[in-house]
Number of protein chains: 2
Amino acid sequence: MTLQPFNIGGLSRQTGVNIETIRYYEKIGMLPPPARSQGGFRQYEDHHIQRLRFIRRGRDLGFSIDSIRALLTLAERPDSPCEGADQMVLLHLDEVERKIADLTLLRDELRKMKNCCGQVVAQCQIIGSLTAPGSAQQDAI
Amino acid sequence: MTLQPFNIGGLSRQTGVNIETIRYYEKIGMLPPPARSQGGFRQYEDHHIQRLRFIRRGRDLGFSIDSIRALLTLAERPDSPCEGADQMVLLHLDEVERKIADLTLLRDELRKMKNCCGQVVAQCQIIGSLTAPGSAQQDAI
DNA sequence: GTTGACTCTGTAGTGGCTCCAGGGGCCATG
DNA sequence: CATGGCCCCTGGAGCCACTACAGAGTCAAC
Ligand SMILES: [Zn+2]
Ligand SMILES: [Zn+2]
Ligand SMILES: [Zn+2]
Ligand SMILES: [Zn+2]
């Protein structure tokens, strides 16, 4: 536990979050504005580390800033029910699973395309499958 | 083959590409500027359809605009070798495979998290795992 | 000649940062 | 006291690939 407040560089080092990103989080209201030194430097304390790590962890799990905002609000009310958080995880899991499915289809298409070895463009499978209809992915409208 | 030129709406309908997107592609030099009617309406011809479909297929396969630009340049020179295209497909395939791997890890994390059913925030596994990564212990934020 | 669908330009917004210019603060050394 | 070097400040622009307006003009049918 640090007793002395520290500058933005210290917070950056302790969390691995870019300085510019920290200022950005403050600007959009994700991090509470810290006290300032006489010269105008931001002075952070330990609770800022906790909050920033929470945000970071959420981002690493792919949650949007808005979702993390909601999770933070929830986390600040320990006595409230946590259905909201459950919902958000389930929704996000769905989203991730859909994204994996989409990318897997894409990967298969690309694997089919990659069997062109050193021809001329006129006979190239890759250029051909982009030019001719039906070879690439189906219309997803 | 259409003999008469058509407006941007027609091009949009024939390709499934948003009108605003078509204008955007022209602005960034992906689509050649078409002729104009007396009133200033864009007048497209069949080769615009071909080119726009090429772009669309490339985007559906996840290629960046710049990659597609390069592929288009290549496609316009039927006699040149196609190694460049091969390279791009391989690179992109790598990228997609890495993305799938990342998302799969994410998915597994989220699946581990989702087993919290109707507790209070103070005991919530989800909030806990965001607060203290690696363990289910909770701390004030 | 009036309606109504279509199109035009230009600008701004999205998410989540990241980078930069041009200045000020802070501490140690000479 | 001055200087150097590092840290920090603000405000704004840039990234990607679109998307969404506002406000004006065009065109064909009736
Ligand atoms: Zn999500
Ligand atoms: Zn080839
Ligand atoms: Zn790629
Ligand atoms: Zn819970």
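Residues numbered from 1 in each chain as written. Chains lettered and ligands numbered in written order. Predicted model: local features only at pLDDT ≥ 70, side-chain atom pairs only at ≥ 80, totals over all residues. Heavy atoms only, no water.

Chain A appears in an unreviewed UniProt entry as Transcriptional regulator MerR family from Paramagnetospirillum magnetotacticum MS-1.

### Considering the overall build of chain A
Going by this rule: In this description a helix means any DSSP run of H or I spanning at least four residues, a strand means any run of E spanning at least two, and both kinds are numbered starting from the N terminus. Radius of gyration: over C-alpha atoms. The globule rule applied is 2.2 Å multiplied by the number of residues raised to the 0.38 power. Only protein chains enter the accessibility calculation, which uses a 1.4 Å probe. A residue is then buried if its area is under 20% of the maximum for its type, exposed if over 50%, and partly exposed in between. In this description, contact between two residues means that some pair of their heavy atoms is separated by no more than 4.5 Å. Every accessible area reported is derived by Shrake-Rupley at a probe size of 1.4 Å, with residue values counting cover from the shown protein chains alone. Note on charges: Lys and Arg go in the positive column, Asp and Glu in the negative column, and His and the chain ends are not counted at all. The atom standing in for a charge is NZ when the residue is Lys, CZ when it is Arg, CG when it is Asp and CD when it is Glu.
Counting its regular elements, chain A contains six helices and two strands. N-terminal to C-terminal, the α/β element order of chain A is α-α-β-β-α-α-α-α. Its C-alpha atoms give chain A a radius of gyration of 24 Å, more than 25% over the compact-globule value 14 Å for 141 residues. Overall size of chain A, expressed as C-alpha extent along the three principal axes, is 70 × 40 × 25 Å. Looking at chain A as a whole, 39% of its 141 residues qualify as buried. Taking all contacts inside chain A whose residues are at least 6 apart in sequence as the whole, residues at least 24 apart take part in 45%. Roughly 8,300 Å² of accessible area belongs to chain A as shown, and the carbon and sulfur atoms make up 49% of that amount. Distance from the positive charge centre (18 side chains) to the negative charge centre (17 side chains) of chain A: 8 Å.

### Some remarks on the protein's contact with DNA strand D
Convention followed: Near is defined per residue: the residue qualifies when any heavy atom it owns lies within 4 Å of the molecule or strand. Definition of a polar contact: a pair of N or O atoms within 3.5 Å, with one able to donate and the other able to accept a hydrogen when the atoms are protein atoms, and with sequence-neighbouring residues admitted only if both atoms are side-chain atoms. As a working rule, the residues Ala, Val, Leu, Ile, Met, Phe, Trp, Tyr, Cys and Pro are called nonpolar, Asp, Glu, Lys and Arg charged, and the rest polar, with Gly in that last group.
Around DNA strand D, the surrounding shell holds 20 residues, and the nearest of these are Gly9(A), Arg23(A), Arg42(A), Tyr25(B) and Arg59(B). Of everything in DNA strand D that lies within 4 Å of the protein, sugar and phosphate atoms constitute 81%. Between DNA strand D and Arg36(A), the relevant distance is 3.1 Å, taken from a phosphate oxygen to a side-chain nitrogen or oxygen of the residue. With respect to DNA strand D, the backbone of Ile65(B) contributes an N or O atom lying 3.5 Å from a phosphate oxygen. Secondary structure elements with two or more residues in the surface near DNA strand D: helix H1 (8-15) and helix H2 (19-27) of chain A together with helix H2 (19-27) of chain B. When grouped by side-chain class, the residues that make up the surface near DNA strand D number seven nonpolar, eight polar and five charged.

### Overview of the interface of chain A and chain B
What counts is decided by this rule: We define buried area as the total accessible area lost by two parts upon association, computed with a 1.4 Å probe and summed across both. Salt bridge criterion: a side-chain nitrogen from Lys or Arg within 4 Å of a carboxyl oxygen from Asp or Glu.
Listed by partner, the interface residues are 55 residues for chain A and 51 residues for chain B. Between chain A and chain B lies a buried interface of about 4,700 Å² when both sides are counted; carbon and sulfur atoms form 76% of it. Per-residue buried area on chain A facing chain B is highest for Arg57(A), Leu110(A) and Leu130(A); these three make up 14% of the total on that side. Inspection of the chain A/chain B interface yields three salt bridges. Across the salt bridge formed by Arg57(A) and Glu109(B), the nearest N and O atoms sit 3.5 Å from each other. Across the contact surface, chain A and chain B share 13 residue pairs in polar contact (both at pLDDT 80 or more).

### Points about the pattern of salt bridges
Residue and element names in this part refer to chain B. By the definition in use, this model includes 17 salt bridges over all chains. Residue Asp 66 pairs with Arg 69 through a salt bridge whose shortest N-O separation is 3.4 Å. Of this pair, Asp 66 and Arg 69 both sit in helix H4 (residues 65-75), three residues apart, which is roughly one turn of that helix. Across the pair Arg 107 and Asp 108 runs a salt bridge whose closest N-O atoms are separated by 3.3 Å. Here Asp 108 falls in the partly exposed class, since its relative accessible area comes to 32%.

### Thoughts on the coordination of the zinc ion (ligand 3)
All names here are of chain B. Under the convention used in this document: Each metal's donors are the N, O and S atoms within 2.8 Å of it, or within 3.2 Å when it is Na, K or Ca, and because water is not part of the set, sites may look incomplete.
Within the first shell, the zinc ion (ligand 3) binds the protein through His 92 (ND1) and Glu 95 (OE), at distances of 2.3 to 2.7 Å. One end of the pair, His 92, and the other, Glu 95, are both in helix H5 (residues 83-113), three residues apart, so they sit about a helical turn from each other. Take His 92: its relative accessible area is 7%, and that puts it in the buried class.

### Observations concerning the protein's contact with DNA strand C
Around DNA strand C, the surrounding shell holds 20 residues, and the nearest of these are Tyr25(A), Arg59(A), Gly9(B), Arg23(B) and Arg42(B). Near-protein atoms of DNA strand C (within 4 Å) split between backbone and bases, with sugar and phosphate holding 73%. One nitrogen or oxygen atom from the side chain of Thr21(A) is found 3.0 Å from a phosphate oxygen belonging to DNA strand C. Taking Tyr25(A), its side chain carries an N or O atom lying 2.8 Å from a phosphate oxygen of DNA strand C. Secondary-structure elements contributing two or more residues to the surface near DNA strand C are H2 of chain A together with helix H1 (8-15) and H2 of chain B. Taken together, the residues of the surface near DNA strand C sort by class into seven nonpolar, seven polar and six charged.

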